[in-house]
Amino acid sequence: MYTPPAFRDEDRASLFATIRAARLANFVTATADGPLVTPLPLLIAPDEGPHGVLYGHLARANPQWQIPAIGPGVAVFMGPDAYITPSWYATKQETGKVVPTWNYISVHASGPVEFFEDPARLHDVVRRLTDHHEGERAAPWAVSDAPEKFVEAQLRGIVGLRMEITALEGKRKLSQNRNAPDRAGVATGLAESDRQSDRAVAPLIPL
């Protein structure tokens, strides 16, 4: 990922927070047939390995797990993002020398990929993923709420994914390269936007 120094995020806690907050990642492998990409919810185990381990599962019918990967896999996690209009910059009034851009947060995790079919491991991954995403609900659903035989049948339709993270790259492009008045204008413009996604980026702009 191309990341100028001003936008580089090397803070482990920040990177893991972006991974945990992302509801869906793009899981990418390079193969002899070309790149394969699957949108997947992925769970991080931060204490496994030097940089953590990602877990998830694919549909058994998905060919991505059957086609040998060339090199490491990559999981792309996106945080909040927003279009930035030049109209918000104080510099626009001063010189007019401004152009649009996009602010965003992204984390790329890469490492060797392992696919597995063991029912016990699959059940553990499904349970942990479910608990993670149900955790904020007042009455969370649990895998144990479903009949055991039904769950066993569902597990036969998926394949587990384990990827030990060997490289972790973070980018927080949040107008850090603009001067203070421009950043203030961006924060105000985003905060006043009708888009909820824009308003989520507003408090992230460094002032």
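Calculation rules
- Residues numbered from 1 in each chain as written.
- Predicted model: local features only at pLDDT ≥ 70, side-chain atom pairs only at ≥ 80, totals over all residues.
- Heavy atoms only, no water.
- Helix = DSSP H or I, 4+ residues; strand = E, 2+ residues; numbered from the N terminus.
- Buried < 20%, exposed > 50% of the residue type's maximum accessible area, 1.4 Å probe, protein only.
- Contact = heavy atoms within 4.5 Å.
- Salt bridge = Lys/Arg side-chain N within 4 Å of Asp/Glu carboxyl O.
- Pairing = 2+ DSSP bridges.
- Axes fitted to C-alpha atoms, helices over the stretch in contact; angles between N-to-C directions.

Asker: Can you break down the environment of proline 80 residue by residue, with the values?
Answerer: The topology assignment puts proline 80 in strand S6 (residues 73–84). Assessed through its relative accessible area of 32%, proline 80 is described here as partly exposed. For the pair proline 80 and isoleucine 105, spaced 25 residues apart in sequence, the C-alpha to C-alpha distance is 6.0 Å. In contact with proline 80, not counting residues within four places along its chain, are Asn103, Tyr104, Ile105, Val201 and Leu204.

Asker: Could you give an account of the pattern of salt bridges, naming the residues involved and the relevant values?
Answerer: Applying the stated criterion across every chain, the model contains nine salt bridges. A salt bridge links arginine 60 to glutamate 117; the nearest nitrogen and oxygen atoms lie 2.8 Å apart. Of the two residues, arginine 60 sits in the loop between strand S5 (53–59) and S6 while glutamate 117 sits in the loop between strand S8 (113–116) and helix H3 (119–134), which places them 57 residues apart along the sequence. According to the relative accessible area criterion, arginine 60 is partly exposed, its value standing at 29%. Residue glutamate 114 pairs with arginine 121 through a salt bridge whose shortest N-O separation is 2.9 Å. A relative accessible area of 29% means that glutamate 114 is categorised as partly exposed. With a relative accessible area of 31%, arginine 121 lands in the partly exposed category. Linked by salt bridges that have partners in common, Asp124, Arg127, Arg128 and Asp131 make up one network.

Asker: For the environment of aspartate 11, give the residues involved together with the corresponding values.
Answerer: Residue position: aspartate 11 is located in the loop between strand S1 (8–9) and helix H1 (12–21). Taking C-alpha positions, aspartate 11 is 9.9 Å from glutamate 169, a pair spaced 158 residues apart along the chain.

Asker: Would you mind going over the sheet that holds strand S3 (residues 34–40) in detail, with residue names and values included?
Answerer: If you trace the six strands from one edge of the open sheet to the other, you get S1-S10-S7-S6-S2-S3, paired in antiparallel fashion. Only two strands of the sheet have a single neighbouring strand rather than two, namely S1 and S3. Pairing between strand S2 (residues 25–31) and S3: seven bridges, direction antiparallel. Counted as the bridge partner of threonine 31 is glycine 34 from S3. Along the sheet, H1 makes contact with S1, S6, strand S7 (101–111) and strand S10 (167–173), crossing S10 at roughly 85°.

Asker: Quick one: what's the story with the sheet that holds S5, residue by residue and with numbers?
Answerer: The four strands lie next to each other as S4-S5-S9-S8, forming an open sheet whose pairing is antiparallel. In this open sheet, the two strands that pair with only one neighbour each are strand S4 (43–45) and S8. Averaged over all pairs of adjacent strands, the angle between their axes in this sheet comes to 25°, without regard to strand direction. As judged from the three bridges shared by S4 and S5, these two strands associate in the antiparallel manner. Among the inter-strand pairings, alanine 45 is bridged to a residue of S5, identified as valine 53.

Asker: Explain the pairing of S2 residue by residue, including any values.
Answerer: The side-chain alternation of S2 yields one buried face, formed by Ala25, Phe27, Thr29 and Thr31, and one unburied face, formed by Asn26, Val28 and Ala30. Hairpin connection of S2 to S3: two residues between the antiparallel strands. Inspection of the sheet shows S2 paired to S6 by four bridges, in the antiparallel sense. From the neighbouring strand, phenylalanine 27 faces S6, where its bridge partner is alanine 75.

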